[in-house]
Amino acid sequence: MHSISFPYSNTLNLNHIFSPKRVAPTRLTVRSVYGFEPLTRSDWQSSCAILTSNVASQELNDGAAADHVPAVNDHKNAFTDLKLLPNGKLTVGEKNDKPFQPKPLTISDLSPAPMHGSQLRVAYQGVPGAYSEAAAGKAYPNCEAIPCDQFDVAFKAVELWIADRAVLPVENSLGGSIHRNYDLLLRHRLHIVGEVQLPVHHCLLALPGIRKEYLTRVISHPQALSQCEHTLTKLGLNVAREAVDDTAGAAEFVANNNLRDTAAIASARAADLYGLNVLADGIQDDPNNVTRFVMLAREPIIPRTDRPFKTSIVFAHDKGTSVLFKVLSAFAFRNISLTKIESRPHRNRPIRLVDDENVGTAKHFEYLFYVDFEASMADVRAQNALSEVQEFTSFLRVLGSYPMDMTPWNPSSSIGDHH
Ligand SMILES: O=C(O)C(=O)C[C@]1(C(=O)O)C=C[C@@H](O)C=C1
C-alpha cells in the first residue's frame, strides 16, 4: 500500500507554523521533552496537576537529555513569525510584524470541560468531514475546529497558542492503536484533559453516476481501510487499496480530480461536502466500530473524585525480573482496573545488550509502556500505586487524569451515519 500525497488548501501545515519565507530556512534544533529522572516519592503524594507541571518544568530545564527526542524548541522564532487571523487561521508574518504574544491563561483554559466549548479553537488532523472533526465537535460543542494536515501540527498548534485544544485519535475498536499519537504524546508537553469515543460509520463514496463495477481503486485513511477490509472483499471490491492522510481528504481528492475509477471510504458528511454519492453505507466490518480520541491542552485539569476518572501514564522499566508484573500488581492490589496497555519501542534506548561469556550477546528490545487505569490522581489509591510503580521504573510520566467518556452507547448516532 502506498501513500498518495495531495495538497490541502485550508489546513494548517508545518510551513504555516514555521515561516517558509526565510531565505535559508533554519533547521529546528533537537531538544528533549522528557527526562529520565524520576521525581521523589513525596512529589507523588501531590495532585496530578502539580505532578505534571513539575515534570514539565523539570524537563524544560533539563539540558542533559537534550539529544533524546526531537521536538520543537524554536518557539521564540516561531512566535515572531506568526500572525493569527481573527478566524483562528494561521498566516506567516513578516520580520517587522508585531511579535506574536501568547495569551494569558484564563479560567476556561484550566477547566476544559465541554461546557466551556464555546468558540474554543480545537485542532484536529484532517479536512472538514473527517471523523476527527466530528470528535472535536463532540468533545467541545460549538468549538471552532481547525484542520491540520498532520498529527504533530495539531500538537504544535496548541503549544504555540494557535489552538486551545487538540482532539486526536488514539485507538479504534477494529484497527487498534494509532501508534503515531502515542509517540507524539511523549515528544510534546501537552496534557490529556479528556477523552471522547465516537462511533464510526463508514460509507463508500464515488462521483455521481459511478457504479461499483467501474472501480479500480479504493482510497482512505489506513485505519478506515483496515476497518472495512472484509466488507470491501464481500462487496467484490478486490481492487487496489491505497492509504491517504484522512478519510475526508480521500473524498475531496476523488472529487477535485474527477476520478471515475476511484472510490473513497469516508463519512456521509464528507459525501455531502464534496458532492459524492454513497455507493454503500455502513461498510465497517463491525457495526459497533468506535474510535477513542483524547483531548489535549497546555495545562492539566485538576483531578476530582466525584465522577469516574481515568489516568494515563507512560513508563520505562528498570533492570530486574518480573518488572512489568510488579508494576501492574501495584494497581491490581488496590483494585484499580487497567483499561489499556500499549508498548512502543524505546527510541532513546532501543536495545539492551546482555553478555554471556559462553553463548554470546543477547539483545533485548527496550519498550515504553503506556497504561490507562480507572482512577483519578486525586484518589489516594492512585497516588500510592504510582509511588510503588516509581520504585520499579526508570522513567514515569503522568500524561493526564481526566473524566471518562460516559455517554450512553449508541452506535447509530455517529456523524458518519447516512440516515
Ligand atoms: O481520517 C479521518 O477521518 C480521521 O479522523 C482519522 C481516523 C483515525 O486516525 O483513526 C479517525 C477515525 C477513524 O477511525 C478513521 C480515521
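Let me begin by describing the structure that accompanies this report. (Residues numbered from 1 in each chain as written. Predicted model: local features only at pLDDT ≥ 70, side-chain atom pairs only at ≥ 80, totals over all residues. Heavy atoms only, no water.)

### Notes on the sheet that holds strand β18 (residues 367-373)
- Strand order in the open sheet made by the four strands is β15-β18-β14-β19, with antiparallel pairing throughout. Each end of this open sheet is capped by a strand with a single partner; those strands are β15 (338-345) and β19 (393-403). For this sheet, the mean angle separating the axes of adjacent strands, direction not counted, is 15 degrees.
- Note: strand β14 (residues 309-317) against β19, nine bridges, orientation antiparallel. Bridged to Thr311 within β19 is Ser401.
- Across the sheet, helix α7 (residues 179-187) touches β14, β15, β18 and β19, and the angle it forms with β15 is around 85 degrees.
- In the packing of helix α12 (residues 323-332) onto the sheet, the strands contacted are β14, β15, β18 and β19, and the crossing angle to β14 comes to about 160 degrees. (Pairing = 2+ DSSP bridges. Helix = DSSP H or I, 4+ residues; strand = E, 2+ residues; numbered from the N terminus. Axes fitted to C-alpha atoms, helices over the stretch in contact; angles between N-to-C directions. Contact = heavy atoms within 4.5 Å.)

### Remarks on the pairing of strand β13 (residues 290-297)
- Extensive coverage of β13 is indicated by the burial of eight of its eight residues.
- Inspection of the sheet shows strand β5 (residues 165-172) paired to β13 by six bridges, in the antiparallel sense. Pairing of Pro169 across the sheet is with Phe293, part of β13.
- As defined by bridge partners, strand β7 (residues 191-199) adjoins β13 across eight bridges and the pair is classed as antiparallel. Of the residues in β13, the one forming a bridge with Val196 is Phe293. (Buried < 20%, exposed > 50% of the residue type's maximum accessible area, 1.4 Å probe, protein only.)

### Brief notes about the site of the ligand
- In the vicinity of the ligand, 13 residues are found, and the nearest of them are Tyr131, Ser132, Gln227, Thr247 and Thr291.
- Interatomic distance of 2.5 Å between a side-chain N/O atom of Ser132 and an oxygen atom of the ligand.
- For the ligand, whose unbound accessible area comes to 360 Å², protein coverage reaches 100%.
- Secondary structure elements with two or more residues in the shell around the ligand: α5 (131-139), β5, α8 (222-227) and β13.
- Looking at the shell around the ligand residue by residue, the class counts come to five nonpolar, seven polar and one charged. (Near = heavy atom within 4 Å. Polar contact = N/O pair within 3.5 Å; in protein donor to acceptor, adjacent residues only side chain to side chain. Areas by Shrake-Rupley, 256 points an atom, 1.4 Å probe, with all protein chains shown as cover. Nonpolar A, V, L, I, M, F, W, Y, C, P; charged D, E, K, R; others polar.)

### A few points about unusual backbone geometry
- For Asn142, which is not glycine, the phi torsion reads 70 degrees and is therefore positive.
- With respect to the element layout, Asn142 can be found in the loop between α5 and β4 (144-148).
- The exposure class assigned to Asn142 is exposed, which follows from its relative accessible area of 61%.
- The residue Asn258 is not glycine, and still its phi comes out positive at about 50 degrees.
- Note that Asn258 resides in the loop between α10 (247-256) and β11 (262-266).

### Re the nonpolar core
- Judged by nonpolar contacts, the single largest core of 50 residues is most densely connected at Tyr140, Val167 and Leu296.
- When residues of this core are assigned to their parent elements, the largest contribution, six residues, is made by helix α6 (residues 151-159).
- Aside from chain neighbours lying at most four places away, what touches Leu296 is Phe155, Asp164, Arg165, Ala166, Leu168, Leu185, Leu190, His191, Ile192 and Val193.
- Listed in part, the 37 residues of the second largest apolar core include Leu207, Ala243, Leu259 and Ala263. (Core = buried A, V, L, I, M, F, W, Y, C linked by side-chain atoms within 4.5 Å.)

### Observations concerning the packing of aromatic side chains
- Overall, the coordinates contain four aromatic pairs when judged by the stated rule.
- Between Tyr182 and Tyr370 the ring centres are 5.0 Å apart and the planes differ by 80 degrees, which places this aromatic pair in the edge-to-face class. Taken together, the positions of Tyr182 in helix α7 and Tyr370 in strand β18 put the pair 188 residues apart, joining distant regions of the chain. Across the pair, Tyr370 and Tyr182 agree in class, each one buried.
- Among the aromatic residues, those joined into a ring-pair cluster are Phe315, Tyr367 and Phe369. (Phe/Tyr/Trp six-rings, centres within 6.5 Å; stacked < 30°, edge-to-face > 60°.)

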